[in-house]
Amino acid sequence: MTKMRWKRLAVLACVGFASLAVLAMPTAAAAKTKKKTATLNRCVNAAVTIPDGPPEGSTVPNPAASFAVPVGVPKFKGRPQNGTITALDSVGVRISHTDDGDLALFLVSPGGRAVALSTYRDDSTNTDAGGKPSPSGDGYGTGPLNCSGTPVQFGDSFATSITTPGNTGLDAPIAGSFTPEQPLSSFVGGPARGFWTLIVQDVQGGDVGQINALSLNFTYRYKAKKRR
Ligand SMILES: [Ca+2]
Ligand SMILES: [Ca+2]
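Below is a summary of the structure that appears in this document. (Residues numbered from 1 in each chain as written. Chains lettered and ligands numbered in written order. Predicted model: local features only at pLDDT ≥ 70, side-chain atom pairs only at ≥ 80, totals over all residues. Heavy atoms only, no water.)

Concerning the coordination of the calcium ion (ligand 2)
Our working rule: For Na, K and Ca the donor cutoff is 3.2 Å, while for all other metals N, O and S atoms must lie within 2.8 Å; water is not among the atoms, so some sites may look incomplete. Square planar and octahedral assignments, for four and six donors respectively, both demand that opposite donors be over 155 degrees apart and that all other angles lie between 65 and 115; tetrahedral needs four donors with all angles between 85 and 135 degrees, and anything else is irregular. Think of it this way: any DSSP run of H or I at least four residues long counts as a helix, any run of E at least two long counts as a strand, and we number them from the N terminus. Under the scheme applied here, a residue whose accessible area is under 20% of the maximum for its type counts as buried, over 50% as exposed, and between as partly exposed, the area being computed with a 1.4 Å probe on protein chains only.
Distances from the calcium ion (ligand 2) to its protein donors, namely Asp 52 (OD), Asp 102 (OD), Asp 202 (OD), Asp 202 (OD), Gln 204 (O) and Asp 207 (O), fall within the range 2.1 to 2.6 Å. Note that the calcium ion (ligand 2) binds 6 donor atoms; their angles at the metal cover 52 to 161°, and the shape is irregular. Of note, the calcium ion (ligand 2) draws all its donor residues from one chain, in the sequence arrangement D-x49-D-x99-D-x1-Q-x2-D. Of this pair, Asp 102 sits in the loop between strand S3 (84-97) and strand S4 (103-108) while Asp 207 is found in the loop between strand S8 (194-202) and strand S9 (209-225), placing the two residues 105 residues apart along the sequence. Looking at Asp 102, the relative accessible area reads 3%, which means it is buried. Overall, Asp 207 belongs to the partly exposed group, its relative accessible area being 23%.

Topic: the sheet that holds strand S2 (residues 65-71)
Quick note on the threshold: The criterion for strand pairing is that DSSP finds at least two bridges linking the strands in question. In this analysis an axis means a line fitted to C-alpha atoms, helices contributing only their contacting stretch, and an angle means the value between N-to-C directions, from 0 to 180 degrees.
Sheet architecture is open: 4 strands sit in the order S2-S8-S4-S5, paired in antiparallel fashion. Because the sheet does not close on itself, it has two edges, and the strands there are S2 and strand S5 (114-119). Across this sheet, the average inter-strand angle for adjacent strands is 15°, counted without regard to direction. In terms of strand pairing, S4 meets S8 through 6 bridges, oriented antiparallel. Its bridge partner lying in S8, Phe 106 is registered against Ile 199.

Quick look at the packing of aromatic side chains
Definition in use: Any Phe, Tyr or Trp ring, taking Trp's six-membered ring, that has another such ring centre within 6.5 Å forms a pair; planes under 30 degrees apart are called stacked, those over 60 apart edge-to-face, and the others tilted.
For the structure on display, the rule yields 5 aromatic pairs. A ring pair is formed by Tyr 140 and Phe 154, whose centres lie 6.5 Å apart and whose planes are at 45°; its orientation type is tilted. One end of the pair, Tyr 140, is in the loop between S5 and strand S6 (152-154); the other, Phe 154, is in strand S6, with 14 residues separating them in the sequence. Phe 154 sits in the buried class, given a relative accessible area of 0%.

Some points on the pairing of S9
Side chains on a regular strand alternate between the two faces of the sheet. Most of S9 sits out of view: 13 of its 17 residues are buried. Pairing between strand S1 (residues 33-50) and S9: 16 bridges, direction antiparallel. If you follow Ile 50 over to S9, its bridge partner there is Gly 209. The sheet contact formed by S3 and S9 spans 12 bridges and is antiparallel. For Ser 96, the partnering residue across the bridge sits in S9 and is Gln 210.

Quick notes on the state of the cysteines
Put simply, the rule reads: A pair of cysteine sulfur atoms is labelled a disulfide when the two atoms are within 2.5 Å.
Tallying each qualifying case throughout the model produces 1 disulfide. Note that Cys 43 is cross-linked by a disulfide to Cys 147, the S-S spacing being 2.0 Å. One disulfide, between Cys 43 and Cys 147, carries an S-S torsion of -90° and so falls in the left-handed class. A residue pair is termed long-range when its members are at least 10 positions apart, and Cys 43 in strand S1 and Cys 147 in the loop between S5 and S6 qualify at 104 residues. For Cys 147, a relative accessible area of 27% puts it in the partly exposed group.

Given below as C-alpha cells:
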C-alpha cells in the first residue's frame, strides 16, 4: 500500500470517529428536556340523571348519561402537551340506581378509547328474604352520593372480576373492588390531557338513577425543562 493511501485511510478513520462522537453527544434541545412522571388521584362530584331505558318492545335507542372529568398536563415551552399514560391504577364509580342490571358503564379516554367497566351486572341467582328471585342490585358504591361516599373501584390488579356471580347486589349496592370487564391497561400509551368520560346507558324502562361521582387514579409521563 502506498504512503498516500495510508494517509487517506487515516483521515477517513478520524472522520468516522468524529461522526460517532457527534452522534453520541446529546443535542442542545434534548439536554434541556427531561421526562417527569406525575400521579393524578382525583374524585369529582356529579349529579347527572341517567335517562331511563325505553319501554319494552321499543326500537328507539335512548340517550346515555355522561360525566366528564377534565385533566390538565403542565405545558412544555409554553405549549400544551398531552402527556402519556404509564399506568391506570383504578377508576372509582359512585352511582345511585334501583337496578344495576339496566346499566352499562364505560370509561372513555381523551384519546377516544372506550373500556367497558361493567355491563348489565345483576345476578339472577339472587333471592330476597322471602326466597323470591331478586336480581335487581341497587347502584354502585355505598354511603353519601358524592366523593364522600365509598365508590366501587375498578382496577386490573384487583382479585375479583365484576363478572363473578354473587358480586352484583341483592337489592343492595354493588360494593368493593373489581377487575373491569375490559382491562384499564389499554389506556397505557394514550394521552392524559383532556376529558375522561364515564358513560352510563340504561337499557330498560322502570328503574332510574344518577351518576354521583367519578374518581381517577393514574400516572403519566410528560416533558419538562431541566432547571439550570
Ligand atoms: Ca332494586
Ligand atoms: Ca331503567
